[in-house]
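A structural walkthrough
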Amino acid sequence: MPRDISPAAPRKIATGVHMVGGPDLSDPRDCLSYLVAGSQAQVLIDCGAGPSARRILDMVSGLLDQPLSHLLLTHAHIDHIGGAAEIQRLTGCKVLIHGLDAPVLTSGDPLRSAASWYGLRLETVQPDALLTDDDILQVREDVALRIVHTPGHTPGSVCAWCEVDGHKILFGQDIHGPFSPAFGSDLGQWRSSMQRLLDLEADVLAEGHHGVFRPAAEVAHFIRQQLSAHV
Ligand SMILES: [Zn+2]
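Note that the structure is a prediction, hence the values are computed from the model and not measured.

**Points about helix α6 (residues 187-200)**
With 14 residues, α6 extends 20 Å from end C-alpha to end C-alpha; this agrees with the ideal 20 Å at 1.5 Å per step. Listed in full, the buried residues belonging to α6 are Trp190, Ser193, Met194 and Leu197. All buried residues of α6 project into a common sector of 100° when viewed along the axis, lining one side. Structural note: α6 exposes Gly188, Ser192, Gln195 and Asp199 on the side pointing more than 90 degrees away from its buried face. Among the structural elements, β10 (158-164), β11 (167-172) and α7 (216-229) are those in contact with the buried residues of α6.

Here it is as structure tokens:
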């Protein structure tokens, strides 16, 4: 059998929305990363554990006519933020994270960032702006990324959603957990956060490790499944 040696390619989710990183795209330690791009902003959502930063950027630049404008970090775990310093250096993009997780990004705390789990060292980054609930990032005239603060997995976890081609796409990284006192997890807050996500009635869920779910019934089923696994 001939072996497929073609390079990994971005996976299209909707117009201007692609998966550009993940275990079988960039590095086994990476979360799934997504690019949401339009004429007004080109946003990378999470960026893997670090060693694969250039591979992710190669995939991103193959999709863009202009440099990346923003790196949106959903929370401060190394499999999501490890590449942030290098990507900021190489592209000059603005790094965004919620204020409650920002201290992990700026200190490189090996426990809070889970870097010690991965046997990696987190290169610290100064964020350019701190995200808060209901922030809006305009991507193109008819597409805006909206931030939802979803504490639970970590105190400063956020999700983002946008409507593209009539479909509501929810970027919900690590909404499945895991939960640990070392991360500052809070199951009570997490349940309320999951209810907020259910109320969005998204048509597509782009998750951080479990893949992409659609249609709306599958999205709700996945979130409810997580809720019933942590009673
Ligand atoms: Zn995490």
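After that view of the structure, there is still more to cover.
**A few points about the pairing of strand β4 (residues 42-45)**
Residue alternation in β4 divides its side chains into two sets, Gln42 and Leu44 and Val43 and Ile45, and both sets are buried. Examined bridge by bridge, strand β3 (residues 33-37) and β4 share 4 bridges and lie antiparallel to one another. By the bridge assignment, leucine 35 is partnered in β4 with leucine 44. With 3 bridges connecting them, β4 and strand β5 (residues 70-72) associate as parallel partners. Within β5, the residue paired with isoleucine 45 across the bridge is leucine 72. Handedness of the β4-helix α1 (residues 53-61)-β5 crossover: right-handed.

**Comments concerning the sheet that holds strand β12 (residues 204-207)**
What links the strands of a sheet is backbone hydrogen bonding, and the strands pair in either a parallel or an antiparallel sense. Strand order in the open sheet formed by 6 strands is β8-β9-β10-β11-β12-β13, and the pairing between neighbours is mixed. Across the chains shown, the open sheet's two edge strands, defined by having one partner strand only, are β8 (136-140) and β13 (212-213). Relative to β12, β11 runs parallel, the two being bridged by 4 bridges. When the sheet's bridge partners are listed, phenylalanine 171 is paired in β12 with alanine 206. Contacts from α6 reach β9 (143-149), β10 and β11 within the one sheet, and its direction differs from that of β11 by about 160°.

**Let's talk about the packing of α6 against α7**
Relative to each other, α6 and α7 sit at 165°, their axes nearing to 10 Å. Between α6 and α7, the crossing angle belongs to the class labelled roughly antiparallel. In this structure, α6 meets α7 at a crossing whose hand is left-handed. In this structure, α6 uses Arg191, Met194, Leu197 and Leu198 to contact α7, whose residues at the interface are Ala220, Ile223, Gln226 and Leu227. Among the residues making up the contact of α6 with α7, the classes are represented as 6 nonpolar, 1 polar and 1 charged.

Thresholds, definitions, all that
Residues numbered from 1 in each chain as written. Predicted model: local features only at pLDDT ≥ 70, side-chain atom pairs only at ≥ 80, totals over all residues. Helix = DSSP H or I, 4+ residues; strand = E, 2+ residues; numbered from the N terminus. Expected span 1.5 Å × (residues − 1). Buried ≥ 20, exposed ≤ 12 C-beta atoms within 10 Å, placed from the backbone. Arc of directions from axis to C-beta. Contact = placed C-beta atoms within 7 Å. Pairing = 2+ DSSP bridges. Right-handed = clockwise from strand over helix to strand, strands pointing away. Axes fitted to C-alpha atoms, helices over the stretch in contact; angles between N-to-C directions. Parallel < 35°, antiparallel > 145°, perpendicular 65-115°, else oblique. Left-handed = near helix turned anticlockwise from the far one by under 90°. Nonpolar A, V, L, I, M, F, W, Y, C, P; charged D, E, K, R; others polar.

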